[in-house]
Amino acid sequence: RAKAAGRSRIEVFDDALRERALSRLRTESDLRVALDSDQLFLAYQPIIRMQDGSIAGFEALVRWSHPERGTILPGEFIALAEETGLILRLGRWALKEAALQIKDWRQRTGRDLFVSVNVSGRQLMDDDMAAAVAQVLEETGVEPRALKLEITESLLLDDTARCVQMLHDIRKLGVRLCLDDFGTGFSNLSYLHSYPVDTLKIDRSFVRAATDGDRRAEIARIITMLAAALDLEVVAEGVERDAEAAFLRGLHCEYAQGYFFARPMPPEEAERHLLVQAA
Ligand code: C2E
Ligand code: MG
Ligand code: MG
Ligand code: MG
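Bear in mind the structure is a predicted one, so any value in this text is a computation, not a measurement.

Engineer: I tried to follow unusual backbone geometry on my own but got confused; where do I start?
Structural biologist: The phi angle at D181 is positive, at roughly 50 degrees, despite the residue not being glycine. In this structure, D181 sits in strand 6 (residues 176–182).

Engineer: Whenever I open this one, the coordination of the magnesium ion (ligand 3) confuses me. Can you help?
Structural biologist: Ideal geometry at a metal centre: 109.5 degrees between donors when four sit tetrahedrally, and 90 or 180 degrees when six sit octahedrally. Every protein donor of the magnesium ion (ligand 3) is accounted for by D180 (OD), D181 (OD) and E237 (OE), and the metal-donor separations fall at 2.0 to 2.4 Å. Taken as a pair, the magnesium ion (ligand 3) and the magnesium ion (ligand 2) lie 3.7 Å from each other and share D180 as a ligand. Placement of the pair is D181 in strand 6 and E237 in the loop between strand 8 (233–236) and helix 10 (242–250), with a sequence separation of 56 residues. Residue D181 is classed as partly exposed on the basis of its relative accessible area of 22%. Taking the relative accessible area as the measure of exposure, E237 reaches 10% and is therefore buried.

Engineer: Mind showing me how you'd approach the nonpolar core here?
Structural biologist: Note that soluble globular proteins tend to have their nonpolar side chains buried in a common cluster. Y44, L124, L149, I170 and L248 are the most contacted members of the largest nonpolar core, which totals 77 residues. Excluding anything up to four places from it in sequence, L149 contacts L95, V117, V119, M129, V133, I170, V175, R176, L177 and C178. Counting residues in each nonpolar core, the second largest holds five residues, with I47, A56, V235 and Y255 among its members.

Engineer: Whenever I open this one, the environment of V239 confuses me. Can you help?
Structural biologist: Within the secondary structure, V239 is located in the loop between strand 8 and helix 10. Those residues within four positions of V239 in sequence are excluded, and the remaining contacts are V207, E244, A245, L248, A256, Q257, G258, Y259, F260 and F261.

Engineer: Mind showing me how you'd approach the site of ligand 1 here?
Structural biologist: The immediate surroundings of ligand 1 are formed by 23 residues, with R63, N118, D180, E240 and Y259 found nearest. R63 is positioned with one of its side-chain polar atoms (N or O) 2.8 Å from an oxygen atom of ligand 1. Calculation on ligand 1 without its partners gives an accessible area of 810 Å², and the protein chains cover 83% of this total. Elements with a minimum of two residues in the shell around ligand 1: strand 2 (55–66) and strand 6. For the shell around ligand 1, the element with the most residues is strand 2, which contributes four residues. A per-class count over the shell around ligand 1 returns nine nonpolar, six polar and eight charged.

Engineer: Teacher, can you tell me more about the pairing of strand 1 (residues 40–49) here?
Structural biologist: In regular strands, side chains alternate between the two faces of the sheet. Across the 10 residues of strand 1, eight count as buried, placing the element largely inside the fold. If you look at the hairpin formed by strand 1 and strand 2, you'll find five residues sitting between the two strands, and G53 has a positive phi there, around 75 degrees. When strand 1 meets strand 9 (residues 255–256), the two strands line up antiparallel, connected through two bridges. Note on strand 9: the bridge partner recorded for R49 is Y255.

Engineer: Please clarify how the side chain of D203 should be interpreted in this entry.
Structural biologist: Position of D203 among the secondary structure elements: in the loop between strand 7 (199–202) and helix 8 (204–209). Summary of buried charges: D203 has no salt-bridge partner, and the nearest side chain of opposite charge, R204, is 6.3 Å away. Among the polar contacts listed, one links the side chain of D203 to the side chain of S205, at a separation of 2.7 Å. With sequence-adjacent residues up to four places away left out, D203 is seen in contact with D181, F182, T184 and E237.

Engineer: Help me out: how do you make sense of the packing of aromatic side chains in this one?
Structural biologist: The relative placement of two aromatic rings is captured by the distance of their centres and the angle of their planes. Tallying each qualifying case throughout the model produces five aromatic pairs. Aromatic pair Y44 and F58: ring centres 6.2 Å apart, planes at 85 degrees, arrangement edge-to-face. With a gap of 14 residues between them, Y44 in strand 1 and F58 in strand 2 connect regions that are remote in the sequence. When its relative accessible area of 1% is taken as the criterion, Y44 is described as buried. Judged by its relative accessible area of 0%, F58 is buried. Taken together, the aromatic side chains of Y44, F58 and W105 make up a single cluster linked through ring pairs. Over the ring of F114 we find K148, and its NZ or CZ is 4.5 Å from the ring centre.

Engineer: What should I look at first to understand the pattern of salt bridges in this one?
Structural biologist: Should the charged atoms of two oppositely charged side chains come close, the side chains can pair. Counted by the stated rule, this structure contains 24 salt bridges. A salt bridge links R18 to D15, with the shortest nitrogen-to-oxygen separation between them at 3.0 Å. Residue R18 and its partner D15 are located together in helix 1 (residues 9–36), separated by three residues, close to a single helical turn. Take D15: its relative accessible area is 30%, and that puts it in the partly exposed class.

Conventions we followed
- All chains use their own residue numbering, which begins from 1 and follows the written sequence.
- Going through the entries in the order they are written, you letter the chains from A and number the ligands from 1.
- Restriction of local features to residues with pLDDT of at least 70 applies here, the model being predicted, together with a cutoff of 80 or more for giving and counting side-chain atom pairs; totals for whole chains, interfaces and linings are based on all residues.
- Side-chain metrics in this entry use all non-hydrogen atoms of the structure; hydrogen atoms and water are not considered.
- A run of DSSP states H or I qualifies as a helix once it reaches four residues; a run of E qualifies as a strand once it reaches two. Both are numbered from the N-terminal end.
- Each metal's donors are the N, O and S atoms within 2.8 Å of it, or within 3.2 Å when it is Na, K or Ca, and because water is not part of the set, sites may look incomplete.
- Residue burial is assigned from relative accessible area. The probe radius is 1.4 Å, only protein chains are included, and a residue is buried under 20% of its type maximum, exposed over 50%, and partly exposed in between.
- What makes a nonpolar core is a set of buried Ala, Val, Leu, Ile, Met, Phe, Trp, Tyr and Cys residues whose side-chain atoms join them at distances within 4.5 Å.
- The criterion used for residue contact is that any of the two residues' heavy atoms lie within 4.5 Å.
- Here a residue is near a molecule or strand as soon as one of its heavy atoms is found within 4 Å of it.
- Each polar contact in these results corresponds to two N or O atoms within 3.5 Å; when the atoms are within protein, one needs to be able to donate a hydrogen and the other to accept it, and residues that are neighboring in sequence are counted only if both atoms are side-chain atoms.
- The protein chains shown are the only cover counted for residues, whose accessible areas, like all others here, come from Shrake-Rupley with a 1.4 Å probe.
- All amino acids are sorted into three groups, where Ala, Val, Leu, Ile, Met, Phe, Trp, Tyr, Cys and Pro are nonpolar, Asp, Glu, Lys and Arg are charged, and the leftover types, Gly among them, are polar.
- In this analysis, strands are considered paired if DSSP registers two or more bridges between them.
- All tallies of charge rest on Lys and Arg as positive and Asp and Glu as negative; His and the ends of each chain are not included.
- What makes a salt bridge here is a side-chain nitrogen of Lys or Arg within 4 Å of a carboxyl oxygen of Asp or Glu, nothing more.
- Stacked, tilted and edge-to-face are the three classes assigned to paired rings of Phe, Tyr and Trp, where Trp is represented by its six-membered ring and a pair needs centres within 6.5 Å; plane angles under 30 degrees give stacked, over 60 edge-to-face, the rest tilted.
- Lysine and arginine charges are scored as sitting over a ring when NZ or CZ, respectively, is within 6 Å of the ring centre and within 35 degrees of the ring normal.

Dropping the structure here:
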C-alpha cells in the first residue's frame, strides 16, 4: 500500500538525511582545500576606546572566500571544523595571520594596538595549544601583549581543571585572555577568579536590551561593575545604535565594538581606517 501511495515517509526522510550528509561531506572536503589554498582570510573589526573614539585594537573574524559560493561566514563552517578536527589547523593559521597583521600595524603606526583572536573549545582541549601559541610568538616576533585570545565561557565549564591549566600556560607567555559572550553561558561566578583572564566581553544581547527597556540591560551594568571590582577590562560587543553607546558610556564601559562604530573589514580597509584615524 505504501508503494501505491507513492514513496513512503521513511524514504523521503532517508533522502533528506542523505542530502545533509552529502552536503556536509562536500563542505568538509571544500574546507580542506580552502586551508591548503588560501581561501580563508581574516576580517578585522575595530574595538573602540569609548573615551575618545580611538581604535584600541581589532577582533579578527575568519571568512571563507569560496570559489563558487562567495564569502561564507563562520556560522556556516566553524562547527564542522570543530567536529572534523580541522579547527586545529584553522586556529593556528588564524593566530599566525592575525599576529603578523597586528605586528605590521603596530610598527607602522607606533601604537600599542592589539588583536583578539577567537579560540574554540576543541583548541583548548588540545594538549599542544600552549606550545602552538608559543610557536606563533616565536615565528612572528609579535609582542605577546598584542595578542588576545577570546574564549567563550561555556567552553570552560566542560573540563574546568584542564582548561584552567591550559589558560595559565598560555597566560604565562604574556598573551592576554578575554571571556567572550560573557553573561550567556554560566551559572557560577565563583570560578571567575580562578581563571587568569584580563577582559570580559559583554554579550550583545545585553547591549541590545539597553534601549529596549528590557531589564536584561541591568546585566550589562552588573558585568561592568564586576569587571571593575576584579580589575578586569570590559568590552561591549554588538553596539549598533547611538543610544546603546550612550548607555555604555554611562556605565563607564571602557571599550566597545559593533556596527555603530565599524563593521568587520578586509585588512586593506581596516588599515585605511587606522591610518585615517592616526592622521
Ligand atoms: P563572536 O566572537 O562573538 O564575534 C562577534 C560576531 O558578531 C561576529 O560575527 C561579528 O561580525 C558580529 N558583529 C559585530 N558587530 C555586530 C553588531 O553590531 N551587530 C551584530 N548583530 N553583529 C555584530 P561573525 O564574524 O559571523 O562570527 C561569528 C562567530 O564565529 C564569532 O562570534 C566566533 O564565535 C566565531 N568565529 C569567528 N572567527 C573565528 C575564528 O577564527 N576561530 C573560531 N574558533 N571561531 C571564530
Ligand atoms: Mg569573539
Ligand atoms: Mg562575542
Ligand atoms: Mg557572540
